[in-house]
Amino acid sequence: DAGVIQSPRHEVTEMGQEVTLRCKPISGHNSLFWYRQTMMRGLELLIYFNNNVPIDDSGMPEDRFSAKMPNASFSTLKIQPSEPRDSAVYFCASSPSRQPNQPQHFGDGTRLSIL
Amino acid sequence: AQSVTQLGSHVSVSEGALVLLRCNYSSSVPPYLFWYVQYPNQGLQLLLKYTTGATLVKGINGFEAEFKKSETSFHLTKPSAHMSDAAEYFCAVSGLTGGGNKLTFGTGTQLKVEL
């Protein structure tokens, strides 16, 4: 079975540029999560959706970050304008439902470097 | 509020030795507990989970964990370490009222396995 698919796997861009990260959740899963992982801050939840609706975006760092889920099979995380401190690995995860006993399934991440 | 504490950011064991990774949690509601493993350049992979029922939970790759409510612990063990177990391990908790399956992660423990 296909897992969570993220693209691109690696992105290198200059500061000030717009960055778009993409995620395809596991088919049939209706919860989707975006995380950021850095050495300094560990794993941080940025935002999560349920049935394509944002439920909690309290982890989004600032207005430069935005996330959308136009349908059940696709989500994007956009950074505009990007800054060097946004360099991190960004993970997408999906889950069958919002029930607290349901595990999250992670993609392999996008390694983002902002020069 | 929920929190997870993983004692020891780095643990080193010899191949064939017992692996013990510690996790303590705090939660105002009955918790659901998870252990994830992260190999280099990959996303997090579910090792095992505790939801209800038997407090000793068996997972993949020979790992198991025991939920001890009186000690608020969910330590991860494996009787005999293998070189392929070298990775970072994360303990996580969900179950906060209204939080769905939003996970609170520990800071991770890097496991090193030596010959």
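Residues numbered from 1 in each chain as written. Chains lettered and ligands numbered in written order. Predicted model: local features only at pLDDT ≥ 70, side-chain atom pairs only at ≥ 80, totals over all residues. Heavy atoms only, no water.

J.: Which residues make up the overall build of chain A, and what are the values?
T.: Summing up its helical and strand segments, chain A has zero helices and 11 strands in all. Tracing chain A from N to C terminus, the helices and strands come up as β-β-β-β-β-β-β-β-β-β-β. For 115 residues, the compact-globule estimate of 2.2 N^0.38 gives 13 Å, and chain A sits close to it at 13 Å. The dimensions of chain A, computed from C-alpha atoms along their principal axes, are 40 × 30 × 25 Å. Per-residue burial for chain A yields a buried fraction of 48% across its 115 residues. Counted over contacts in chain A with a minimum sequence separation of 6, partners at least 24 positions apart contribute 54%. Of the side chains in chain A, 11 bear a positive and 12 a negative charge, and the two mean positions are spaced by 3 Å. (Helix = DSSP H or I, 4+ residues; strand = E, 2+ residues; numbered from the N terminus. Rg over C-alpha atoms; globule rule 2.2 N^0.38 Å. Buried < 20%, exposed > 50% of the residue type's maximum accessible area, 1.4 Å probe, protein only. Contact = heavy atoms within 4.5 Å. Lys, Arg positive; Asp, Glu negative; His and termini not counted. Charge placed at Lys NZ, Arg CZ, Asp CG, Glu CD.)

J.: Outline unusual backbone geometry, supporting the account with residue identities and numerical values.
T.: In this structure, the amide linkage connecting Ser 7 of chain A to the following residue, Pro 8 of chain A, adopts the cis form with an omega of -10°. In this chain, Gln 80 of chain A is followed by Pro 81 of chain A through a cis amide linkage whose omega measures -10°. Counting through the fold element by element, Pro 81 of chain A comes out in the loop between strand 8 (74-79) and strand 9 (88-95). At Asn 52 of chain A, a residue that is not glycine, the phi angle is positive and equals roughly 70°. In this fold, Asn 52 of chain A is placed in the loop between strand 5 (42-50) and strand 6 (53-56). We classify Asn 52 of chain A as partly exposed; its relative accessible area is 30%. The backbone of Asn 61 of chain B sits at a positive phi, close to 60°, despite the residue not being glycine. Relative to the elements of secondary structure, Asn 61 of chain B occurs in the loop between strand 7 (56-58) and strand 8 (64-68).

Limitation: the analysis is restricted to geometry and does not speak to function.
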